[in-house]
Every structure is written in structure tokens, then in C-alpha cells.
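# Coordinate inspection notes
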Amino acid sequence: SGHLAIARARAERIKTRLTAAGVSAGAGTGGGVAVWELAPHGVAYAGLAAVVAALGVAGRRADRPLVAHAVIPQAVRKLTPDVVSHAFIAAKLATDKDRVTFAEPISRDGAGFRVVVDLPPGQTADRAISRRVEISSGLDRDERQVFLSRQRGGTGSARRVVMWVADVDPLSVPAGRSPLVTTARVNFWQPFGFGVNERGATVPLCLMWTAMLVGAIPRMGKTFSARLPALAAALDPDVRMYVYDFKGSPDWVPFRHVAHRIQFGDRPDPDTGVDPVAEFLADMQELQVEVDRRYRTLRNLPPSVTPEGKLTEAIARSTRYGMPVVLVVADEIQRALGHGTYGKEIYEVLTDLVKAAPAVGVHFLASTQKPDKDSMPSGFRDQFGIRFALRVMSRDVSEVVLGAGAYSEGLNAATLSADAKGVGLLRGTGDSGDEVASSVVRTYLADGRDAETICQRGRALRDAAGTLTGAAIGDAPVAERHERNIRDDLAEAIGVDERAHSDVLCARLAQAYPDTYTGWTPVQLAAALKPAGIETRQVWATGMDGQPANRRGIRRSDLDEPTR
């Protein structure tokens, strides 16, 4: 009965429309004939032209102008099932007899086409992803327009592939200025916008609980990309920043407004005598001690404060516990790792820190323009959970930056175009929520003036919160290490003893010269002695408790030997 009622209503509607159309046509025809016969021909022609124009305006398409432009825009090439099928056959993922099947109709998705196919049995989505270039050739598209992934959501099939084919090369379109330029404040515990993907969606990034490695050949936007997470940290007043630019460029100068520690270059400063690499080692050794202290503190906190036994945002932001989030930035890290005097020790200290420190809120952001296995030993680089590779020169180097297995996932930074500055492959951030997880990111831009603006805003936030420390407020504990002659001071501190433990010497130095040595630890002392050619060793001596013991220290005769 329902169907009959619908049919009767439809017939009645058609009858009404036909009657109205007939009456209108009759009236219009009669009126037109009368005007043609009775009115002068000029008036008749004018009236006819007016009627045609009115009908043209009334019947025009809503998405097109009444008068077309002289230049006809290029139409988007339609993607058809036959084209897609032949592309997968060309990539040797299917055959004429055993073709792909379409799980969904091909549809428009933003500025491109969305395709969901099931490969023939025995083929896998991962294999299709690794053959993106061959599929792109079969589609007669540039590979920079084709993005593939496995379908998310637990379809239960390892052979289902989601493909997005862009109308134009999305990597040729800049991502635009970073939102950080106008952001008042950032919560570093939450993701921030790092860039956009191929479809223009924001790619979030969060460095909490992990470390990030950025690698590329020169002049591809490596430093600008690495600077974005650091700028986000600058806008969180509770993040303590350690910044080391071993290249010594102006790119990191704005961070002088917010950094607790900041150093430039990899050679001693001729004016101050400060060796930035030695200071970096000493700072990292201090952080080793700090990380151990944080673990001890967390072990002793009640479950009501730290239910999971780890650092929380409330603990980190509280001045009671003294455990603010720390971000260590090292640009051109390979210069420190390859340093003739300190490189080996830096490698050991950093490897230990990158493994253990993120769990207690100490995070690392390193970048290099020499991302090879010799400059970046695997024991160190394998500790980085997030990798970002801009253009590199070979597949092997791409794997060094992105990690083992990246190529089999279809990630090869060597295929990025030379003109795609600021564009890279991001790996290790987890599920972004985007079905086509291409990992291609066009990073936002924050130039030198933007960085200066952001860091000054970060300084104002820290000033208001009372968290400005270290170099940012003019304290120069690093430089003070070189204001005195450590060999002469130690000769005075060791006195008549033939040998002394490092902790005893630190206590004596702090008592004699508190402005310089207060807070020094044995690891700092060892680092400061290296430039003087003195190394600590195991020595029997009276300890702080008055009892003899065998611990790290020096002999008085070490101070009499000439500097090596």
C-alpha cells in the first residue's frame, strides 16, 4: 500500500507540472505571436532578445559564470577502474586474469581521487607500498602525486590498499608560516603542528617520552625543520632548554633569550677560551647525574603523587620536586661525536642519556647533514624514536636516518626532489589518524625573524613564571670554568696529599672558590681536566668519611706533568 501511495503522489505531481507547463507554453506562444504581428519589428526583436537573455540567466549553472573565460582551465584527469587495474598489472601486483577488485567505488577526496582495492591473494599491501613508483608510472602520474597505505580499522585483510592520487603535485605547494608565530603559549606535553601532509591536513608532533633525529643533505631545510620543535618548547615556560649549534651559524642565536645553556661552534672561542664541545660534554655529564637523581626521587614518591611511578605533568611543573622538562638540542651533532678529544666519551654519555633520560623528562633533538653510519654510530642513532629525513643522496643513507626497514615500508628520502625544500618523511610518530599515512610532511616555515619573535615571547612567559635560568639571565657557569686555572687550583686543593679522590677535591675547590666550583661533581671535574691533559684514575686515598678507599681521583704528581 505504501508503494501505491507513492506512485499515485508521483503521478499527481507529474500531471500538475504538465498542466502548468502547457498553460505557460500556450500563453507564451499566443503572447509572442501577438507582439510579433502588432508591434514594430524593432520592438519585437528587442523583446525576443530580452526573453532569451532572461532564460539564459535563469538557467545558468551555479558553479560556472554566464560568460566563460577566454582561457579554458585544464580539466582534472579522471581516474577510472581500468586505469587503476592496468597500473597494478604494470607494477606486477596483478595480472589480466587475476585483477585487483574494488572494495569501494573510486571517489573524489579533496584535491584528488580515493581508491580502495583488494590485491589478488598472495599479494600484500606492504608490497604495493614499496612499488609506489611503478604504480605511479602505470597511472601516468608523478610519484609525488600518489600515496598508498594499508587500510586502517581492522579490515582483516593484508591485501587491502588505500590509494590517494592528487590532482597536482602537493609537495610543490608550501605549507605556509608556522602557527607558532602567532601562538601565545604551548603545552609541550601536547602535540603541536609540525607541518601538513599531502592533503593539507596538519601533522602533529610531540617529543614527550622520546627523542627526535633530523637528517638531510645541506640546504634542504634541515635546520629550519629541527628548529620548529625547539620553538614550540620555547613557548612552554616550564621547559628548560639546552641548545648547542656545533655549526656556529646564526640560526640558533634567538634561543639566547630562553636557553639555560647555549653554545656555538666546535672550536674554542679565541676571546673567552671556552671550548663548546668540552662544555657540551660537561653539561651532558651533569644531566647524567640529574637523571639518576630524578629516578631516585620518583622511586621515593608515594603512589598518590605518581600513580604509575613515572614523571607526570603536575610533578614536572611543580617547583617542589625540581624536575622540569628538559629539551637538549644539538645541531650538526656529528661534529661532537667525531671530535678528536671528546668524541668517544660524548658518544657513550649521549647513548646512555637518550636511552634512559626521556622517561624522566629529559628529551633530545639532534640533527645532522652527514647522516651516515660512520658519523652517526648505530648504537646512538637507534635510540631515537622519531625520525625525519629530508632529501638525502642514497637509499642507504635514507635508512640511516629513518631506521632499518624504512625502505620496505616505501620510505626513501633519496627520491625526494631537489626543489622540495622543507619536505621530508616522518617516521615513528604512530597513528596520525589519517587513513593514507604517507609520512610525507611539508614543514611549516618560521624564518629568523619569526624565531626571534617566538623566543622573545618565550622569554616573557618565563619571566612571568619565574623560570628564566642560566645563560638566559646572564649566569655563565660554563664560562666560569675557564676563568681560573684548574691545574693551579687543584695543586692548592690537594695540598700535601700524594693522592685524593675526585669528590674530596670538588669539596675543597668549592670551599676555596665557591663562585667557581660550587656544585661541581667528579664527572665535571674529569671533563674540566681533559683540556689540561690530566685524566682521573683509580687511587687509594682517604675518603669523605675519613676511611681509605679505592675510587676515582688524581695523584699530586699528575699536576706536575706538562700539559699534553
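So, here is what we can say about the structure in this document. (Residues numbered from 1 in each chain as written. Predicted model: local features only at pLDDT ≥ 70, side-chain atom pairs only at ≥ 80, totals over all residues. Heavy atoms only, no water.)

### Comments concerning empty space enclosed by the protein
Summed over the entire model, instances satisfying the criterion amount to two cavities of 30 Å³ or more. If you add up the space inside the largest cavity, you get close to 50 Å³. Taken together, Phe280, Val328, Ala330, Ile333, Leu350, Val354, Phe364, Leu365, Ala366, Phe380 and Phe384 make up the full set of residues lining the largest cavity. Looking at the lining of the largest cavity, the elements that each hand over two or more residues are β11 (325-331), α10 (343-356) and β12 (362-368). Counting residues per element, the lining of the largest cavity draws most heavily on β12, at three residues. Taken together, the residues that form the lining of the largest cavity break down as 11 nonpolar, no polar and no charged. Taken as a whole, the second largest cavity holds about 30 Å³ of empty space. Lining the second largest cavity are Trp189, Asp236, Asp238, Val239, Ala316, Arg317, Pro324 and Val325. Looking at the lining of the second largest cavity, its residues break down into five nonpolar, no polar and three charged. (1 Å grid on protein atoms, 1.4 Å probe; cavity = no way out; pocket = protein on both sides within 12 Å on 5 of 7 lines; lining within 4 Å. Points joined across faces, edges and corners; volume = space filled by probe spheres on them. Helix = DSSP H or I, 4+ residues; strand = E, 2+ residues; numbered from the N terminus. Nonpolar A, V, L, I, M, F, W, Y, C, P; charged D, E, K, R; others polar.)

### Structural notes on the pattern of salt bridges
Considering all chains together, one arrives at 25 salt bridges under this definition. In this structure, Arg335 engages Asp266 in a salt bridge whose closest nitrogen and oxygen atoms are separated by 3.9 Å. Taken together, the residues Arg335 in helix α9 (residues 334-337) and Asp266 in the loop between β10 (261-264) and α7 (276-300) connect sequence positions 69 residues apart. Judged by its relative accessible area of 31%, Arg335 falls in the partly exposed class. Residue Asp266 is classed as buried on the basis of its relative accessible area of 16%. Shared partners join several salt bridges into a network, and the residues in it are Asp236, Asp238, Glu313 and Arg317. (Salt bridge = Lys/Arg side-chain N within 4 Å of Asp/Glu carboxyl O. Buried < 20%, exposed > 50% of the residue type's maximum accessible area, 1.4 Å probe, protein only.)

### A short note on the environment of Pro276
Within the secondary structure layout, Pro276 lies in helix α7. Residues Pro276 and Asp245, spaced 31 residues apart in sequence, show a C-alpha to C-alpha distance of 9.2 Å. Once you skip the residues sitting within four places of it in the chain, Pro276 turns out to touch Phe246, Gln263, Phe264, Gly265, Asp266, Arg267 and Pro268. (Contact = heavy atoms within 4.5 Å.)

### Observations concerning unusual backbone geometry
Despite not being glycine, Arg219 shows a phi value in the positive range, around 65°. Note on placement: Arg219 falls in the loop between β8 (212-215) and α6 (222-234). A relative accessible area of 70% places Arg219 in the exposed class. The phi dihedral of Glu332 is positive, around 60°, even though this residue is not glycine. In this structure, Glu332 sits in the loop between β11 and α9.

### Regarding the packing of helix α3 (residues 81-90) against helix α5 (residues 132-139)
It is at 8 Å that the axes of α3 and α5 come closest, and there the two elements cross at 135°. With respect to their mutual orientation, α3 and α5 come out oblique. For the crossing formed where α3 meets α5, the hand is right-handed. Residues Val83, Val84, Ala87, Phe88 and Ala90 of α3 form the contact with α5, whose participating residues are Ile135, Gly138 and Leu139. Tallied by class, the residues present in the contact of α3 with α5 amount to seven nonpolar, one polar and no charged. (Axes fitted to C-alpha atoms, helices over the stretch in contact; angles between N-to-C directions. Parallel < 35°, antiparallel > 145°, perpendicular 65-115°, else oblique. Left-handed = near helix turned anticlockwise from the far one by under 90°.)

### A word on the sheet that holds strand β14 (residues 423-427)
Working definition: the strands of a sheet are paired by backbone hydrogen bonds and lie parallel or antiparallel to each other. Across the sheet, which stays open at both edges, the 10 strands sit in the order β7-β6-β15-β14-β13-β8-β12-β11-β9-β10 with mixed pairing between neighbours. Every other strand in the sheet has two partners, leaving β7 (202-205) and β10 as the edge strands with one partner each. Averaged over neighbouring strand pairs, the angle between their axes works out to 25° when direction is ignored. Here β8 runs beside β12; their pairing, made up of four bridges, is parallel. Pairing of Leu213 across the sheet is with Ala366, part of β12. (Pairing = 2+ DSSP bridges.)

### Quick notes on the nonpolar core
Counting 87 residues, the largest nonpolar core has Met241, Phe255, Met284, Ile333 and Phe364 as its most contacted members. Ranked by the residues each element gives to this core, the list is headed by α7, at eight residues. Once residues lying within four places of it in the same chain are set aside, the contact partners of Met284 are Tyr242, Tyr244, Val328, Val349, Leu350, Leu353 and Phe364. The next biggest cluster of nonpolar side chains, apart from the first, holds 23 residues, and it includes Val84, Ala94, Val117 and Leu139. (Core = buried A, V, L, I, M, F, W, Y, C linked by side-chain atoms within 4.5 Å.)

### So, the packing of aromatic side chains
Under the counting rule described, the total for this entry stands at 10 aromatic pairs. Judged by centre distance (5.1 Å) and plane angle (80°), the ring pair of Phe194 and Phe388 falls under edge-to-face. Remark: Phe388 occurs in strand β13 (residues 386-389) and Phe194 occurs in strand β6 (residues 192-196); sequence separation between them is 194 residues. An identical accessibility class is assigned to Phe194 and Phe388; each is buried. Ring centres 5.2 Å apart and planes at 40° place the aromatic pair Trp252 and Phe255 in the tilted group. (Phe/Tyr/Trp six-rings, centres within 6.5 Å; stacked < 30°, edge-to-face > 60°.)

### Details of α3
For the α-helix, the turn length of 3.6 residues means that residues three or four positions removed from each other point alike. Residues of α3 that are buried include every one of Val84, Ser85, Ala87, Phe88 and Ile89, and no others. Packing partners of the buried residues in α3 comprise β1 (101-102), β3 (112-118), α4 (125-130), α5 and β5 (160-166). Just downstream of α3, Lys92 is the residue with a positive phi angle, here 60°.

### Description of the pairing of β8
Burial of β8 is two-sided: the residues Met212 and Val214 facing one way and the residues Leu213 and Gly215 facing the other way are all buried. Pairing of β8 with β13, which is carried by four bridges, proceeds in the parallel orientation. Within β13, the residue paired with Leu213 across the bridge is Arg387.

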